[in-house]
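Take a look at the letters that make up each chain.
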Amino acid sequence: MCKTHSCIFEAPCDMASLRNYEQVFTKLMRRYKYLEKMFEEEMKKVLVFLKGFSEQERIKLARMTALWISNGSIPPTILQVLINEHLIKDGLSLEFLLEVFVTWKQEKGMAGLTSGLKRGGLEGRLMEFFPPNKRTEEHLKSAFDDKGLSDLVKLHLAQASQEAKRDLQKELKEKLMDGQPIKEIVTDIRDAAAKHLISEQEIITLIWSTVMSLAEWNKKEELVAEQALKHLQKYTQLFASFTDNTKSEMALLLKIQEYCYDNMNFMKIFQKIILLFYKKEVISEEVILKWFRDGHSVKGKMMFLEQMKKFVEWLQNAEEESESDEEED
């Protein structure tokens, strides 16, 4: 057995020395193109063999791996080989990954790191690198914060929230199609929202999209209004359960506005939908007036403001009469 001293494991651990080795590899692959294809496969074998290296050698290898990913010599998908039971169990996968991320961030900044993780399909898999007994949000936050990688925690939470919302929407659709009682559905949604930290504004827009996806809409514009109001009437209790504050009401109103603009047959029935929700106490007078006054620049603003003009005038007159009656009393 013999070992050369011209080796990254014999090099000093500082980044300046390791960048010199990065240049050696880069020049070799430019000269011998066939090495490019081989390099990725060989690196996979090396990373699976992490246990065979000392702690210092793993640090050097992690830093070199980050440099190679940063310069495009190997793709970020290569880090998926670390999701290996024997490496995860001993904490080697997480230790190595964190060192890669720290170096990657130093080289390309946090924006470069996060975009690379998305390209490598890793932003939603960070928890998989943790030993099974440490797969909690608290452990993940602690490990990444300690390394100055708190932005990756936000990325992880955002990704987890998106997945949770997709799952919730699928589950909600199935329950509505099965005819499950609205009260039970409301309880299940509240539990899921609390567990995954999904806001009421996000929930109400998700409910709207799900409810509207249940119907096969008539292609004739003159028939859609009656069909839509009859369909929405069945779910007003569900909508009302998640419009407990003005932010949620406004989120729903704007979502309806966007939907009606994007679906041509619904453009002329925006006012009728809002009137239905007003009568069923899903959307309040206060929110409708605020929406009209602020003129939210969501799609079709002027068209929908015109539709709502007479109804808003009626609300304002009713409000003035009410104030006048109070003064007389």
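This structure is a prediction, so every number in the text was calculated from the model and none was measured.

K.L.:
Looking at this structure, I do not really get the packing of helix α12 (residues 246-262) against helix α13 (residues 270-279). What am I missing?
P.N.:
Relative orientation and spacing of two packed helices are given, respectively, by the angle between their axes and the distance between those axes. α13 packs onto α12 with a crossing angle of 155° between their chain directions and a minimal axis gap of 10 Å. Here α13 runs roughly antiparallel to α12, going by the angle between their axes. Judged by the twist between their axes, the crossing of α12 over α13 is right-handed. Residues Leu 252, Leu 253, Ile 256, Gln 257 and Cys 260 of α12 form the contact with α13, whose own contacting residues are Phe 270, Ile 273, Ile 274 and Phe 277. For the contact of α12 with α13, the class distribution of residues is eight nonpolar, one polar and no charged.

K.L.:
Before we go on, may I ask you to explain helix α10 (residues 221-233) in this structure?
P.N.:
Structurally, the α-helix is built with 3.6 residues per turn, so residues lying three or four positions apart point the same way. Under the 1.5 Å per step criterion, the end-to-end length of α10 is 19 Å for 13 residues, consistent within 8% with the ideal 18 Å. Every buried residue of α10 is listed here: Val 224, Ala 225, Ala 228, His 231 and Leu 232. Here the buried residues of α10 occupy an arc of 145° about the axis, which is enough to place them on one side. For α10, the exposed residues lying more than 90 degrees away from the buried face are Glu 222, Glu 226 and Lys 230. Packing partners of the buried residues in α10 comprise α9 (200-213), α11 (236-240) and α13.

K.L.:
Would you mind showing me how to read the packing of aromatic side chains here?
P.N.:
In the structure shown here, the tally under the stated rule is 20 aromatic pairs. Between Trp 208 and Phe 277 the ring centres are 6.5 Å apart and the planes differ by 75°, which places this aromatic pair in the edge-to-face class. With Trp 208 in helix α9 and Phe 277 in helix α13, this pair connects stretches of sequence that are 69 residues apart. Just as Trp 208 is buried, Phe 277 falls in that class too. Taking 5.1 Å as the distance between ring centres and 90° as the angle between the ring planes, the aromatic pair formed by Trp 217 and Phe 266 counts as edge-to-face. Residue Trp 217 is located in the loop between α9 and α10, and its partner Phe 266 is located in the loop between α12 and α13; the two are separated by 49 residues in the primary sequence. You can call Trp 217 buried: its relative accessible area is 18%. Relative accessible area serves as the criterion here: at 3%, Phe 266 is assigned to the buried category.

Criteria and cut-off values
- Residues numbered from 1 in each chain as written.
- Predicted model: local features only at pLDDT ≥ 70, side-chain atom pairs only at ≥ 80, totals over all residues.
- Heavy atoms only, no water.
- Axes fitted to C-alpha atoms, helices over the stretch in contact; angles between N-to-C directions.
- Helix = DSSP H or I, 4+ residues; strand = E, 2+ residues; numbered from the N terminus.
- Parallel < 35°, antiparallel > 145°, perpendicular 65-115°, else oblique.
- Left-handed = near helix turned anticlockwise from the far one by under 90°.
- Contact = heavy atoms within 4.5 Å.
- Nonpolar A, V, L, I, M, F, W, Y, C, P; charged D, E, K, R; others polar.
- Expected span 1.5 Å × (residues − 1).
- Buried < 20%, exposed > 50% of the residue type's maximum accessible area, 1.4 Å probe, protein only.
- Arc of directions from axis to C-beta.
- Phe/Tyr/Trp six-rings, centres within 6.5 Å; stacked < 30°, edge-to-face > 60°.

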